[in-house]
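Okay, here's what each chain looks like letter by letter:
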Amino acid sequence: MTASKKAAIGGLIAALYIILTYLAEIMGMASGAIQVRFSEALTLLPCLTPAAIPGLTVGCLLANLLTGCAPWDVVFGSFATLLGAFGTYALRHKPWLSWLAPVISNTIIVPPIIIFVYGIEDFWPLIAFQIFLGETISCGILGSIVLRLAKKHNILNL
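Residues numbered from 1 in each chain as written. Predicted model: local features only at pLDDT ≥ 70, side-chain atom pairs only at ≥ 80, totals over all residues. Heavy atoms only, no water.

Asks: Any chance you could explain the environment of glycine 143 here in plain terms?
Replies: Considering the arrangement of structural elements, one finds glycine 143 in helix H6 (residues 124-152). Through-space distance from the C-alpha of glycine 143 to that of leucine 42 is 6.0 Å; in sequence the pair is 101 residues apart. (Helix = DSSP H or I, 4+ residues; strand = E, 2+ residues; numbered from the N terminus.)

Okay, here's the thing in structure tokens:
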């Protein structure tokens, strides 16, 4: 795959991530106790192409900036997405497990952001469990559907 094709795929994934984040925010699903970001369904795309890794990271960073997240949330939230994307790529030969990488990275990294950056003083394990549930819906359920459809219809032309 040429460098320009990789960049185009990454850019498309970043744009979709931003749009889907806005959609979830408009519907009131991107914040609250259990967050379901539709954009997180894209985190399984590294199973199909490594070009998805920078696309997801840039998309998350821009979506967090554009939706008014605190600076530390932009940095560490994007880092969680980057780690999850690398994990998904590492598990690309086991797609039935690949959804666990972004779920675990967000479950570990996001609760301290919520507690320390936003000052939410809920019980840490409860916040982690809520993040786990939201990410499981986004990545495990919706992401598995996205991955299956992308493979079936050869969406990324790979």
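Asks: Would you mind going over the side chain of glutamine 130 with me for this structure?
Replies: Relative to the helices and strands, glutamine 130 is located in helix H6. Discounting residues that sit within four places of it in the chain, glutamine 130 has contacts with Ala33 and Ile34. (Contact = heavy atoms within 4.5 Å.)

Asks: Explain the nonpolar core to me, please; I cannot follow it from the model alone.
Replies: Nonpolar side chains in soluble globular proteins tend to end up buried together. Counting residues in hydrophobic clusters, the biggest one holds 15 residues, and the most contacted among them are Ile9, Ile13, Tyr17, Leu42, Leu45, Ala52 and Leu56. With five residues, the top contributor of residues to this core is helix H2 (residues 52-66). If sequence neighbours within four positions are ignored, leucine 56 has contacts with Ile13, Tyr17, Leu42, Thr43, Pro46, Thr81 and Ala85. With six residues, the next largest nonpolar core counts Cys47, Val103, Cys139 and Leu147 among its residues. (Core = buried A, V, L, I, M, F, W, Y, C linked by side-chain atoms within 4.5 Å. Buried < 20%, exposed > 50% of the residue type's maximum accessible area, 1.4 Å probe, protein only.)

Asks: Even after reading the chapter, I still don't get the packing of helix H3 (residues 71-90) against helix H5 (residues 100-117), so can you show me in this structure?
Replies: The angle between the axes and the distance between the axes are what describe a pair of packed helices. Interaxial distance between H3 and H5 falls to 8 Å at its minimum, and their mutual angle equals 170°. Classified by the interaxial angle, the pair formed by H3 and H5 is roughly antiparallel. Contacts from Trp72, Asp73, Phe76, Gly77, Phe79, Ala80, Leu83, Gly84, Gly87 and Thr88 of H3 reach H5 at Ala101, Pro102, Ser105, Asn106, Ile109, Ile113 and Val117. Each residue belonging to the contact of H3 with H5 can be placed in one class, and the counts come to 10 nonpolar, six polar and one charged. (Axes fitted to C-alpha atoms, helices over the stretch in contact; angles between N-to-C directions. Parallel < 35°, antiparallel > 145°, perpendicular 65-115°, else oblique. Nonpolar A, V, L, I, M, F, W, Y, C, P; charged D, E, K, R; others polar.)

Asks: Can you walk me through the packing of H2 against H3 in this structure?
Replies: Packing of H2 against H3 leaves a shortest axis separation of 9 Å and a crossing angle of 160°. Taken together, the axes of H2 and H3 lie roughly antiparallel to each other. Crossing of H2 against H3: the hand is right-handed. Taking contact as the criterion, the partners of Ile53, Leu56, Thr57, Cys60, Leu61, Asn64 and Leu65 in H2 are, on H3, Asp73, Val74, Gly77, Ser78, Thr81, Leu82, Ala85, Phe86 and Tyr89. By residue class, the composition of the contact of H2 with H3 is 10 nonpolar, five polar and one charged. (Left-handed = near helix turned anticlockwise from the far one by under 90°.)

Asks: I would appreciate a short explanation of the side chain of arginine 37 in the present structure.
Replies: Looking at where arginine 37 falls in the secondary structure, it is placed in the loop between helix H1 (3-26) and H2. Comment: no salt bridge for buried arginine 37; closest opposite-charge side chain is glutamate 40, at 5.0 Å. Setting aside chain neighbours within four positions, we find arginine 37 in contact with Tyr17, Thr21, Ala24, Met29, Ala30, Cys60, Asn64, Cys69 and Ser138. (Lys, Arg positive; Asp, Glu negative; His and termini not counted. Salt bridge = Lys/Arg side-chain N within 4 Å of Asp/Glu carboxyl O.)

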